[in-house]
Amino acid sequence: MSETDEPQVAARASVRRELAYAVLACLAGAGLALWAVTRTWTVAATGSTLDEEGSGAGLLPWLPALALVGLAGGGAMLATGGWLRRAVGGLLALLGLAMAGGGGYGLVADLGDQVSRQWPALTLLGGLIAVAGGVLTALRGDRWPAMSARYERRSRQPVDSTGPIEGAGTRDAWEALDRGEDPTVR
């Protein structure tokens, strides 16, 4: 490797690191929000020996669904590229805002007799972490590498239907099939 290649290698590593940070932020934020929303947020004294517990998911039933979509969006960031990845990042930022809003509501609302504030606070924190990953993706996601080209369909080339491929091996036959040619037709 020459000295002129070192800045390019460093730039590629920096871009991949940004992608990793954004994906991890979205996954960690959505995962934290999902975990925190399933914990007991309130305990209402009913006068009996058994108290009624209310989880965040019971109080805000849409919140776990948003967190699950946030987790799926973290995976979608890896599978997309270009403007579509930026759109996914914008959607994840909005989902993170909604998760943070649900956590904020749990912090300020009058939810019952005994309220546990740490779970809504963790939901709020998870939402904000997901927002950070989504915003980073929306701003810079089109610069990050996409999945390898081997997963994409090759462009259509004109089909040569004059006959079988002369002297072709197995690999040539498979490549002919990828181009839309029939290697068995003469």
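This one's a predicted model, so the numbers in the text were calculated from it and none came from an experiment.

## Section: the overall build of the chain
Now for step 1: Along the chain, the regular secondary structure elements total six helices and three strands.
Now for step 2: For the chain, the α and β elements follow one another from N to C terminus as α-β-β-α-α-α-β-α-α.
Now for step 3: Buried residues in the chain amount to 31% of all 186 residues.
Now for step 4: For the chain, the proportion of contacts with a sequence separation of at least 24, taken over those separated by at least 6, is 64%.
Now for step 5: For the chain, the accessible area works out to roughly 11300 Å², and carbon and sulfur atoms hold 60% of it.

## Quick look at the packing of aromatic side chains
Now for step 1: Taken as a whole and judged by the stated rule, the model has one aromatic pair.
Now for step 2: Ring plane angle 85 degrees and centroid distance 5.0 Å describe the contact between Trp35 and Trp119, whose orientation is recorded as edge-to-face. Of this pair, Trp35 sits in helix H1 (residues 6-37) while Trp119 is found in helix H5 (residues 118-140), placing the two residues 84 residues apart along the sequence.
Now for step 3: Residue classification places Trp35 among the partly exposed positions, given a relative accessible area of 41%.
Now for step 4: When its relative accessible area of 17% is taken as the criterion, Trp119 is described as buried.

## A closer look at the packing of helix H4 (residues 82-108) against H5
Now for step 1: Viewed as axis vectors pointing N to C, H4 and H5 meet at an angle of 165 degrees, and their least axial separation amounts to 7 Å. Relative to H5, the element H4 is oriented roughly antiparallel. At the point where H4 passes H5, the crossing takes the left-handed sense.
Now for step 2: Taken together, the residues of the contact of H4 with H5 break down into 15 nonpolar, 10 polar and two charged.

## Some thoughts on helix H3 (residues 62-79)
Now for step 1: Helix length check: H3 (18 residues) gives 26 Å between terminal C-alpha atoms against 26 Å at 1.5 Å per residue, within 8%.
Now for step 2: Residues Leu63, Pro64, Leu66, Ala67, Gly70, Gly73, Gly74 and Met77 constitute the buried set of H3.

## Comments concerning the confidence of the model for the chain
Now for step 1: In this model, the chain carries an average pLDDT of 81, and 77% of its residues clear a pLDDT of 70 or more.
Now for step 2: Looking at the elements of the chain, mean pLDDT is at its lowest for strand S3 (residues 114-115), recorded as 66, and at its highest for H5, recorded as 95.

## So, the nonpolar core
Note on soluble globular proteins: their nonpolar side chains tend to be buried together.
Now for step 1: If you look at the biggest cluster of nonpolar residues, it comprises 21 residues, and the most contacted ones within it are Trp41, Leu63, Met77, Leu92, Met99 and Trp144.
Now for step 2: Secondary-structure elements contributing two or more residues to this core are H1, H3, H4 and H5.

## Some points on H5
Now for step 1: Over its 23 residues, H5 runs 33 Å from end to end, which matches the ideal 33 Å to within 8%, given 1.5 Å per residue.
Now for step 2: Here H5 has its buried residues at Trp119, Pro120, Thr123, Gly126, Gly127, Ala130, Val131, Gly133, Gly134 and Thr137.

## A word on the environment of Ala121
Now for step 1: Relative to the assigned elements, Ala121 resides in helix H5.
Now for step 2: When the C-alpha atoms of Ala121 and Tyr105 are compared, they prove to be 9.7 Å apart, with 16 residues separating the residues in sequence.

## Things to note about the environment of Gly54
Now for step 1: Relative to the elements of secondary structure, Gly54 occurs in strand S2 (residues 52-55).
Now for step 2: For the pair Gly54 and Thr40, spaced 14 residues apart in the sequence, the C-alpha separation amounts to 5.6 Å.

## Comments concerning the side chain of Thr123
Now for step 1: Mapping Thr123 onto the fold places it in helix H5.
Now for step 2: On the basis of relative accessibility, which here comes to 0%, the residue Thr123 falls in the buried class.
Now for step 3: A polar side-chain atom of Thr123 sits 2.9 Å from the main-chain carbonyl oxygen of Trp119.
Now for step 4: Non-local contacts of Thr123, meaning those with residues more than four positions away in its chain, are made with Ala33, Ala36, Val37, Trp41, Leu63, Met99, Ala100 and Gly103.

Each value, and the rule that gives it
Residues numbered from 1 in each chain as written. Predicted model: local features only at pLDDT ≥ 70, side-chain atom pairs only at ≥ 80, totals over all residues. Heavy atoms only, no water. Helix = DSSP H or I, 4+ residues; strand = E, 2+ residues; numbered from the N terminus. Buried < 20%, exposed > 50% of the residue type's maximum accessible area, 1.4 Å probe, protein only. Contact = heavy atoms within 4.5 Å. Areas by Shrake-Rupley, 256 points an atom, 1.4 Å probe, with all protein chains shown as cover. Phe/Tyr/Trp six-rings, centres within 6.5 Å; stacked < 30°, edge-to-face > 60°. Axes fitted to C-alpha atoms, helices over the stretch in contact; angles between N-to-C directions. Parallel < 35°, antiparallel > 145°, perpendicular 65-115°, else oblique. Left-handed = near helix turned anticlockwise from the far one by under 90°. Nonpolar A, V, L, I, M, F, W, Y, C, P; charged D, E, K, R; others polar. Expected span 1.5 Å × (residues − 1). pLDDT = per-residue confidence, 0-100. Core = buried A, V, L, I, M, F, W, Y, C linked by side-chain atoms within 4.5 Å. Polar contact = N/O pair within 3.5 Å; in protein donor to acceptor, adjacent residues only side chain to side chain.

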